[in-house]
Amino acid sequence: MNNRLRVLRAERQWSQQDLADAIGVSRQSVNAIETGKYDPSLPLAFRIADVFALPIEQIFLRD
Amino acid sequence: MSALPRSGAMRRYLVRLFVLMGAYIAILIGAKLAFPHVPPRGVLAYALALAPALPLIGVFWAVFRLLVEERDEYLRLLLVRQTLFATAFCLVVMTVWEWLQNFDLVPPGNGGFGTAFWWFVGLGLGGLFNKLTIGDAGDCS
């Protein structure tokens, strides 16, 4: 699954740690999601969507 | 990259590990000294022989408790992979060793390097396996 996390984060000038703190996970998790090494669970995907105030489908994209 | 883990679950695990390994060393030295010098008898002998195993069992508990307490799902995934690797590695080593013993190709016994030892070696190798395959060894990397 692809995602736009890195772009969305850059638009807001957030570091990986900023985003990690906002969604309550480790920076490693944010890095793993951004680089496509790990697909988040649905609850975590919803938390990410809430932080960016966007629908999930505008953040996570089909392969 | 900080040397201190950010996860509260990992910090609790490290404290538990430190306490249990300290207890293990103290009890092991006590048992090793007691048996040759003041050999215990009967139930006391069994109790003293089993005493060093208790902190090791505690370490198993601490590792699996970490799996329960870790709230970060990605770090938990790494831990699950690491413990599965350790279990598979330990089973393979002990199975191979036992079959070599069955045909008298290696000496009896294990020289103290039994199941727990190989599982802990496997845990370390499991972290390396994660690093090589996912690029991330976990919270202490």
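Summarised in this report is the structure supplied together with it. Since we're looking at a predicted model, the values are computed, not measured.

Cut-offs applied
- Residues numbered from 1 in each chain as written.
- Chains lettered and ligands numbered in written order.
- Predicted model: local features only at pLDDT ≥ 70, side-chain atom pairs only at ≥ 80, totals over all residues.
- Heavy atoms only, no water.
- Helix = DSSP H or I, 4+ residues; strand = E, 2+ residues; numbered from the N terminus.
- Buried < 20%, exposed > 50% of the residue type's maximum accessible area, 1.4 Å probe, protein only.
- Rg over C-alpha atoms; globule rule 2.2 N^0.38 Å.
- Contact = heavy atoms within 4.5 Å.
- Areas by Shrake-Rupley, 256 points an atom, 1.4 Å probe, with all protein chains shown as cover.
- Lys, Arg positive; Asp, Glu negative; His and termini not counted.
- Charge placed at Lys NZ, Arg CZ, Asp CG, Glu CD.
- Buried area = accessible area lost by both parts, 1.4 Å probe.
- Salt bridge = Lys/Arg side-chain N within 4 Å of Asp/Glu carboxyl O.
- Polar contact = N/O pair within 3.5 Å; in protein donor to acceptor, adjacent residues only side chain to side chain.

Here the focus is the overall build of chain B. Of the regular secondary structure elements, chain B holds five helices and zero strands. Along the chain direction, N to C, the helices and strands of chain B fall in the order α-α-α-α-α. On the principal axes, the C-alpha backbone points of chain B span a range of 50 × 35 × 20 Å. Taking all 141 residues of chain B together, the buried fraction comes to 33%.

To continue, consider the overall build of chain A. The number of helices and strands found in chain A is four helices and two strands. Reading the secondary structure of chain A in the N-to-C direction produces β-α-α-α-α-β. The C-alpha atoms of chain A give 10 Å as radius of gyration, which agrees with the globular expectation for 63 residues (11 Å, within 12%). The proportion of buried residues among the 63 residues of chain A is 41%. Across chain A, contacts joining residues at least 24 apart in sequence account for 53% of those joining residues at least 6 apart. Just so you have it, chain A exposes about 3,500 Å², and 50% of that area is on carbon and sulfur atoms. Averaged over its 8 positive side-chain charges, chain A has a centre that lies 4 Å from the centre of its 8 negative ones.

Our next topic: the interface of chain B and chain A. Much of the literature gives interface size as the accessible area that the parts lose upon coming together. Taken together, the contact between chain B and chain A spans 12 residues of the former and 12 residues of the latter. Buried area between chain B and chain A, summed over both chains or domains, comes out near 910 Å², and the portion from carbon and sulfur atoms is 43%. For the interface between chain B and chain A, the tally reads zero salt bridges. Here chain B and chain A share six residue pairs in polar contact (both at pLDDT 80 or more) between them.

Taken by themselves, the reported measurements are silent on function.
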